[in-house]
Amino acid sequence: MNGFFVIFAVRLAFGLEKVHKGCTCNALASRDDRPECENTLFGLTTAKLLGARIMADSDNSTPLSFVTRRQLLPPEASTSGSQLEAVATRKELERDQATDPAVAVWRKWQAAHEETERLSREQQRLERKLTETVGFPNVMIQLSDGRTATLRSLEALRDVLRVGSVDVTVGAKAEADLAAHQARWDVSDRAIGYSATLRAESEAADRAEVLLEALSETPAISLAGVAAKLDAILREGQPSKDDAEFPWPQIRSVLEDIRRIDGQTEPS
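Keep in mind the model is a prediction, meaning the values are calculated, not measured.

Right, let's talk about the packing of aromatic side chains for a bit. Counted under the stated rule, the structure contains two aromatic pairs. The interplanar angle of 25° and the centroid separation of 5.1 Å between the aromatic rings of phenylalanine 136 and tryptophan 185 together place this pair among those described as stacked. With a gap of 49 residues between them, phenylalanine 136 in the loop between α6 (101–133) and β3 (139–142) and tryptophan 185 in helix α8 (residues 168–192) connect regions that are remote in the sequence. Judged by its relative accessible area of 7%, tryptophan 185 is buried. Ring geometry for tryptophan 185 versus tyrosine 194: centroids 6.1 Å apart, planes at 85°, classification edge-to-face. An aromatic cluster is defined as three or more aromatic residues linked by ring pairs; in this entry it consists of Phe136, Trp185 and Tyr194.

Turning next to the packing of α6 against helix α9 (residues 194–217). Contact geometry of α6 with α9 gives a least axis separation of 8 Å together with a crossing angle of 155°. One element, α6, and the other, α9, form an angle in the roughly antiparallel class. For the pair α6 and α9, the crossing hand works out as left-handed. Of the residues in the contact of α6 with α9, the class split is 18 nonpolar, five polar and six charged.

This part covers the pairing of β3. Across the two faces of β3 the burial differs, with Val139 and Ile141 buried and Met140 and Gln142 not buried at all. Looking at chain direction, β3 and strand β4 (residues 148–151) are connected through four bridges and run antiparallel. By the bridge assignment for β4, glutamine 142 is matched with threonine 148. Between β3 and β4, which pair antiparallel and follow one another directly, the connecting turn spans five residues, one of which, glycine 146, has a positive phi of 95°.

Turning our attention to the side chain of aspartate 231. For aspartate 231, the position within the fold is in helix α10 (residues 223–237). Polar side-chain contacts of aspartate 231 include one of 3.0 Å to the side chain of tryptophan 106. Residue contacts for aspartate 231: discarding those within four places in its chain leaves Trp106, Trp109, Leu255 and Arg259.

What follows deals with the pattern of salt bridges. When the charged atoms of two side chains with opposite charge come close together, those side chains can pair. Throughout the structure, instances matching the rule amount to eleven salt bridges. Linking arginine 235 and glutamate 114 is a salt bridge whose minimum nitrogen-to-oxygen distance equals 3.4 Å. You can see arginine 235 sitting in helix α10 and its partner glutamate 114 sitting in helix α6, a full 121 residues away along the chain. Exposure remark for glutamate 114: the relative accessible area of 39% places this residue in the partly exposed category. Across the salt bridge formed by aspartate 231 and arginine 235, the nearest N and O atoms sit 3.0 Å from each other. Of this pair, aspartate 231 and arginine 235 both sit in helix α10, four residues apart, roughly one helical turn. Here the salt bridges do not stand alone but share partners, grouping Glu114, Asp231, Arg235, Glu256 and Arg259 into one network.

Structurally, aspartate 100 can be placed in the loop between α5 (75–99) and α6. We note that aspartate 100 is buried and unpaired, the nearest opposite charge coming from lysine 229 at a distance of 7.7 Å. In terms of polar contacts, aspartate 100 uses its side chain to reach the side chain of serine 222, at 2.7 Å. In contact with aspartate 100, not counting residues within four places along its chain, are Pro219, Ala220, Ile221, Ser222 and Gly225.

What follows concerns the nonpolar core. Formed by Val139, Ile141, Leu143, Ala149, Leu151, Leu157, Val160, Val166, Ala174 and Leu178, the largest nonpolar core amounts to ten residues. Sorting the residues of this core by element identifies β3, β4, α7 (154–162) and α8 as the ones contributing at least two each. Not counting residues within four places of it along the chain, the set of residues in contact with valine 160 comprises Ile141, Leu143, Leu151, Ser165 and Val166.

Attention now moves to a negative patch on the surface. There is a patch of like negative charges on the surface, built from Glu117, Glu203, Asp206, Glu209, Glu213, Glu217 and Glu236. It is α9 that provides the largest number of residues to the negative patch, a total of five residues. Along the chain, glutamate 236 falls in helix α10.

Now for helix α11 (residues 248–262). Here α11 contains 15 residues, and its C-alpha end-to-end distance of 21 Å stays within 8% of the 21 Å for a straight helix at 1.5 Å per residue. Looking only at α11, the buried set comprises Trp248, Ile251, Leu255, Ile258, Arg259 and Asp262. Looking straight down α11, one finds its buried side chains confined to an arc of 95°; they lie on one side. Facing away from the buried side of α11 by over 90 degrees, the exposed positions are Arg260 and Ile261. Glycine 263 occupies a position one or two residues after α11 and carries a positive phi of about 75°.

Rules used in this analysis
- Residues numbered from 1 in each chain as written.
- Predicted model: local features only at pLDDT ≥ 70, side-chain atom pairs only at ≥ 80, totals over all residues.
- Heavy atoms only, no water.
- Phe/Tyr/Trp six-rings, centres within 6.5 Å; stacked < 30°, edge-to-face > 60°.
- Helix = DSSP H or I, 4+ residues; strand = E, 2+ residues; numbered from the N terminus.
- Buried < 20%, exposed > 50% of the residue type's maximum accessible area, 1.4 Å probe, protein only.
- Axes fitted to C-alpha atoms, helices over the stretch in contact; angles between N-to-C directions.
- Parallel < 35°, antiparallel > 145°, perpendicular 65-115°, else oblique.
- Left-handed = near helix turned anticlockwise from the far one by under 90°.
- Nonpolar A, V, L, I, M, F, W, Y, C, P; charged D, E, K, R; others polar.
- Pairing = 2+ DSSP bridges.
- Polar contact = N/O pair within 3.5 Å; in protein donor to acceptor, adjacent residues only side chain to side chain.
- Contact = heavy atoms within 4.5 Å.
- Salt bridge = Lys/Arg side-chain N within 4 Å of Asp/Glu carboxyl O.
- Lys, Arg positive; Asp, Glu negative; His and termini not counted.
- Core = buried A, V, L, I, M, F, W, Y, C linked by side-chain atoms within 4.5 Å.
- Patch = residues over 30% accessible without salt bridge, like charges linked within 9 Å, V, L, I, M, F, W, Y side chains within 5 Å.
- Areas by Shrake-Rupley, 256 points an atom, 1.4 Å probe, with all protein chains shown as cover.
- Charge placed at Lys NZ, Arg CZ, Asp CG, Glu CD.
- Expected span 1.5 Å × (residues − 1).
- Arc of directions from axis to C-beta.

Next comes the structure, spelled out in structure tokens:
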């Protein structure tokens, strides 16, 4: 059947009139008594020949299996398909992150870690304020051998007095001065919340440490979970983000590879 269509396609290429001139006509009567060529079938019109040529041409063209859905769809439909694929990819990533137990633990660790860092910055700010306005509690005394010493606590001063390195009168005055300084520090401390912030920082650091240990013991079931574990190692362990000492650059490289493969920038 395909050969039949090819023959008619070739004949059509040379023109219908030339085909008729080259054929041997018999006195075969058509339904309307017109002579027809023996090589021509009844009812085969020019339109049908054109259709035959199209079908014949398709035998030598690219198979339909090579025509992708993107090529068949109009541009706007193709674009919409790409957007749907991107949305599907994001949903798959979000599903992985939602179901991976390592990512769940990492989120808790990240919250504790970031809280620790925030409180640490706040504590340092308050400490600078106290040292500028009140100064660290301390007292300078002259020892019996003529040297001087700066003592920052009543315990340290009492240790010196106990061994007899300071004159009793000098020691008593130094103790009173240091106690007064400590009192001023304590009042300012309570007013701005320095010690409370210091305690909160310590508690957050303890939570982060426990969660980091839990994260190391939690199996990851996706690339997002592996990336979460590496992120925690880097943020907790490396001295700085650009530290060049082994193994930090290598771990950063592996983390970037995982994020690129998984189509994300960071676990969330």
